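One-letter residues, chain by chain:
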Amino acid sequence: MVIELPASLTTAYVRRFLRGIQVLLRTDRPRIVFDLSRVQEIDRAGTEMLLHCVEQIIRQDGELGLACVPPEIMVVLELTCIDRLFEIFASNSEAVEKLSGIAG
Amino acid sequence: MRVGAIVVLGGSASIERPSPFAAVAVQGEETQERLGGTPIAALDILGQSAVHRTIAYLQDCGLQPITLVVAEGMPVPANLSGYSTVPMPANETDAIWPVMGRVFDKYVQAGTETILLIRLGAYVEFDFSDLLQFHRDNMQPVTRLVDSAGPLDFWMLDALHCAAAGSDSLHETLARVKDSIAYYDQATYVNRLSSASDVRHLVVDAFSSRHAVRPSGREVKPGIWLDDNANVHSRARVAGPVYVGRDTRVQATALLARFSSVERSCNIGCGTVVADSSILANTHLGSWLDVSHAVIFGSKVAHLRHNVTVDIQDDRLLRRRVSVFRRFLPNFPGMREN
């Protein structure tokens, strides 16, 4: 499943977004791609949200990938070393293909 | 023969034609030749700015007088004497020319025969004696330095000849003699200092001994330079070549590597990795960060591989440091935040 993230991954918006995907994060073996193509800003709340999601998904024996990451956001992910926790794809289709292959 | 120098730093160079100065795009704070609103030539790189190194070299060559024309609010070289400064308004286009013209006229009246006019701009290494001889041999009123990328804002002027050109302004004088310019292409090193990428090139070239710049401070181990009062925790790791600036602190388990430079008054947090990067003065880097292929100035990261500059708003990640003195005594004489 591909989920498009909002333009602002900041304190003001993260909580609402998390509430919206809680059910998905609790499914069995979720395969989720976060599409970051619209993301323009991210703060600590946003990076912690990503960490929370990957933690939840791993607990459910799932996979989470990031796709279409803008270079400005990539700088922040690399600076905070979060990029190492995700597989990052150039496109949604590539991500879906890879994660579907993992699901067998 | 009396040779003087006028060095120009900051301000807005005219981009109207026919300005003999190379055009400088002005589009907000991050313009060509500037980082964080400050000319790159005024920023400390490996402990000293390009303007400091240039003036020091001109002094070593015996030039007198030397005048630094500097936009208001711009930093001037610390710990360097023997030159005078003349302010110019920071935000007025073309303010540069009348100010330079007045200095030029004073030099002529004082009997200075040859004037080296430099706009920083580029960091250039050249043999002054060779340039002077070239200028004399060509018997043109103006000699201009060039390299493979084009003309540089380094000019040698025959003072009397230019003064006799009969115009009221230096700008017009140079325009009038533009067909009588000799071009000198023997500079030994040129770095145009027009972007963060050029900052990294200057640092890497210095560590690789491709030019005369050497880091300030002491080389405590091969390839590792520590400046005065630099404090590197015993459990931090430094894999040279690396420079650590004056009054900078590197915390435990931090790692500095691969041609990195950390300028004065910085703090590198625990566990943070700095590789192939330059951290400019007065920057606080938080803990457990990974800085690679970047130039950091204040809260901004110029990432050279992703080719973007990002402003990080989270103070816990990185921020600009303000000195304690500055916070409490903003008008303390001699204190300058740069």
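Digging into the confidence of the model for chain A
Parts of the model with low pLDDT should not have their predicted coordinates read in detail.
Link 1 in the chain: Looking at chain A as a whole, its pLDDT mean stands at 89, while 97% of the residues score no less than 70.
Link 2 in the chain: Ranking the elements of chain A by mean pLDDT puts helix α4 (residues 92-103) of chain A last with 81 and helix α3 (residues 71-79) of chain A first with 95.

Describing the packing of helix α1 (residues 11-25) of chain A against helix α2 (residues 44-59) of chain A
Residue and element names in this part refer to chain A.
Link 1 in the chain: Running from N to C, α1 and α2 point in directions that differ by 10 degrees, and their axes come no closer than 10 Å. On the basis of the axis angle, α1 is roughly parallel to α2. Contacts between α1 and α2 pair Thr11, Val14, Leu18 and Leu25 from the former with Ala45, Gly46, Met49, Cys53, Gln56 and Ile57 from the latter.
Link 2 in the chain: Class assignment of the residues belonging to the contact of α1 with α2 gives a composition of 7 nonpolar, 3 polar and no charged.

Focus: the domain arrangement of chain B
Residues and elements named next belong to chain B.
Link 1 in the chain: Per the domain assignment, the segments making up chain B are domain 1 (3-191) and domain 2 (215-328).
Link 2 in the chain: Contacts between the two partners involve 8 residues from domain 1 and, on the opposite side, 15 residues from domain 2.
Link 3 in the chain: Broken down by class, the residue content of the side of domain 1 that touches domain 2 amounts to 3 nonpolar, 3 polar and 2 charged.

Some details on the environment of B:Val238
Residues and elements named next belong to chain B.
Link 1 in the chain: Looking at the secondary structure, you find valine 238 in strand β15 (residues 237-239).
Link 2 in the chain: Along the chain, valine 238 and alanine 254 lie 16 residues apart, while their C-alpha atoms are 8.3 Å from each other.
Link 3 in the chain: Once you skip the residues sitting within four places of it in the chain, valine 238 turns out to touch Ile224, Val232 and Leu256.

Some details on the environment of B:Leu80
All names here are of chain B.
Link 1 in the chain: Examined against the element boundaries, leucine 80 turns out to sit in the loop between β4 (66-71) and β5 (84-88).
Link 2 in the chain: The exposure class of leucine 80 is partly exposed, given the 16 C-beta atoms found within 10 Å.
Link 3 in the chain: For the pair formed by leucine 80 and alanine 42, sequence separation is 38 residues and the distance between their alpha carbons is 14 Å.
Link 4 in the chain: Sequence-distant contacts of leucine 80, that is, excluding residues within four places in its chain, are made with His52, Ile55 and Ala56.

Description of the interface of chain B and chain A
One frequently used descriptor of interface size is the decrease in accessible area upon assembly of the parts.
Link 1 in the chain: Taken together, the contacts link 14 residues of chain B with 11 residues of chain A.
Link 2 in the chain: In the side of chain B that touches chain A, the residues fall into 7 nonpolar, 4 polar and 3 charged.

Notes on unusual backbone geometry
What is expected of a backbone is that most residues other than glycine have negative phi and most peptide bonds are trans.
Link 1 in the chain: Of the consecutive residues B:Leu120 and B:Gly121, the connecting peptide bond is found in the cis state with omega at -25 degrees.
Link 2 in the chain: Position of B:Gly121 among the secondary structure elements: in the loop between β6 (114-120) and β7 (123-125).
Link 3 in the chain: The linkage connecting B:Gly240 with the following residue, B:Pro241, adopts the cis geometry, with an omega of 10 degrees.
Link 4 in the chain: With respect to the helices and strands, the residue B:Pro241 is situated in the loop between β15 and β16 (242-244).
Link 5 in the chain: Backbone geometry places A:Arg29, a non-glycine residue, at a positive phi of 50 degrees.
Link 6 in the chain: Along the polypeptide, A:Arg29 turns up in the loop between α1 and β3 (31-35).
Link 7 in the chain: The backbone phi angle of B:Asn229 is positive, close to 65 degrees, even though this residue is not glycine.

Comments concerning the confidence of the model for chain B
All names here are of chain B.
Link 1 in the chain: Averaged over chain B, the pLDDT score is 85; the fraction of residues at 70 or greater is 86%.
Link 2 in the chain: Per-residue pLDDT stays below 50 along residues 22-30; that stretch engages in 15 contacts with residues further than four places along the chain or on separate chains.
Link 3 in the chain: Between residues 326-338, whose pLDDT stays under 50, and residues either more than four places distant or in other chains, the model counts 8 contacts.
Link 4 in the chain: Overall fold confidence for the complex sits at a pTM of 0.87, while the interface term, ipTM, reaches 0.86.

So, the sheet that holds strand β18 (residues 255-257) of chain B
Residues and elements named next belong to chain B.
Link 1 in the chain: The strand order across the open sheet built from 4 strands is β15-β18-β21-β24, with neighbouring strands paired in parallel fashion. Strands at the two margins of the open sheet, each flanked by one partner only, are β15 and β24 (290-292). Between one strand axis and the next, the sheet turns by 5 degrees as a mean value, whatever way the strands run.
Link 2 in the chain: Where strand β21 (residues 273-275) and β24 come together, 3 bridges link them in parallel fashion. Paired with valine 274 across the strands is valine 291, a residue of β24.

Things to note about α1(A)
Link 1 in the chain: With 15 residues, α1(A) extends 20 Å between its outermost C-alpha atoms, agreeing within 8% with the 21 Å of an ideal straight helix rising 1.5 Å per residue.
Link 2 in the chain: Helix geometry: α1(A) is bent most strongly at A:Arg19, by close to 35 degrees.

Some words on the sheet that holds strand β5 (residues 63-67) of chain A
Residue and element names in this part refer to chain A.
Link 1 in the chain: One open sheet accounts for 4 strands, arranged β1-β3-β5-β6; its pairing is parallel. Here the strands that pair on one side only, and so sit at the sheet edges, are β1 (2-4) and β6 (87-89). Between one strand axis and the next, the sheet turns through 30 degrees on average, direction left out of account.

What counts, and where the lines are drawn
- Once a new chain begins, its residue numbering starts again from 1 and follows that chain's sequence as written.
- Going through the entries in the order they are written, you letter the chains from A and number the ligands from 1.
- Reporting of local features is limited, given that this is a predicted model, to residues whose pLDDT is at least 70; pairs of side-chain atoms are given and counted only at 80 or more, and all residues count toward the totals for whole chains, interfaces and linings.
- Known as pLDDT, the predictor's per-residue confidence is scaled from 0 to 100.
- Helix and strand labels come from DSSP, where a helix needs a run of H or I of at least four residues and a strand needs a run of E of at least two; each type is numbered from the N terminus.
- Comment: axis = line fitted to C-alpha atoms, over the contacting stretch for helices; angle = value between 0 and 180 degrees taken between N-to-C directions.
- These descriptions rest on fixed angle ranges, namely under 35 degrees for roughly parallel, over 145 for roughly antiparallel, 65 to 115 for roughly perpendicular, and the rest for oblique.
- With C-beta atoms placed from the backbone, a contact is any residue pair whose C-beta atoms sit within 7 Å.
- Polarity classes work like this: nonpolar for Ala, Val, Leu, Ile, Met, Phe, Trp, Tyr, Cys and Pro, charged for Asp, Glu, Lys and Arg, and polar for all others, with Gly in that last group.
- All the domain ranges listed were derived from an automatic or database domain assignment.
- With C-beta atoms placed from the backbone, a residue is buried if 20 or more other C-beta atoms are within 10 Å of its own, exposed if 12 or fewer are, and partly exposed between those counts.
- Strand pairing is defined by DSSP finding a minimum of two bridges between the two strands.
- The span expected for a helix works out to 1.5 Å for each residue beyond the first.
- Each residue is assigned a bend, namely the angle between axes fitted to the seven residues that terminate at it and the seven residues that start at it.

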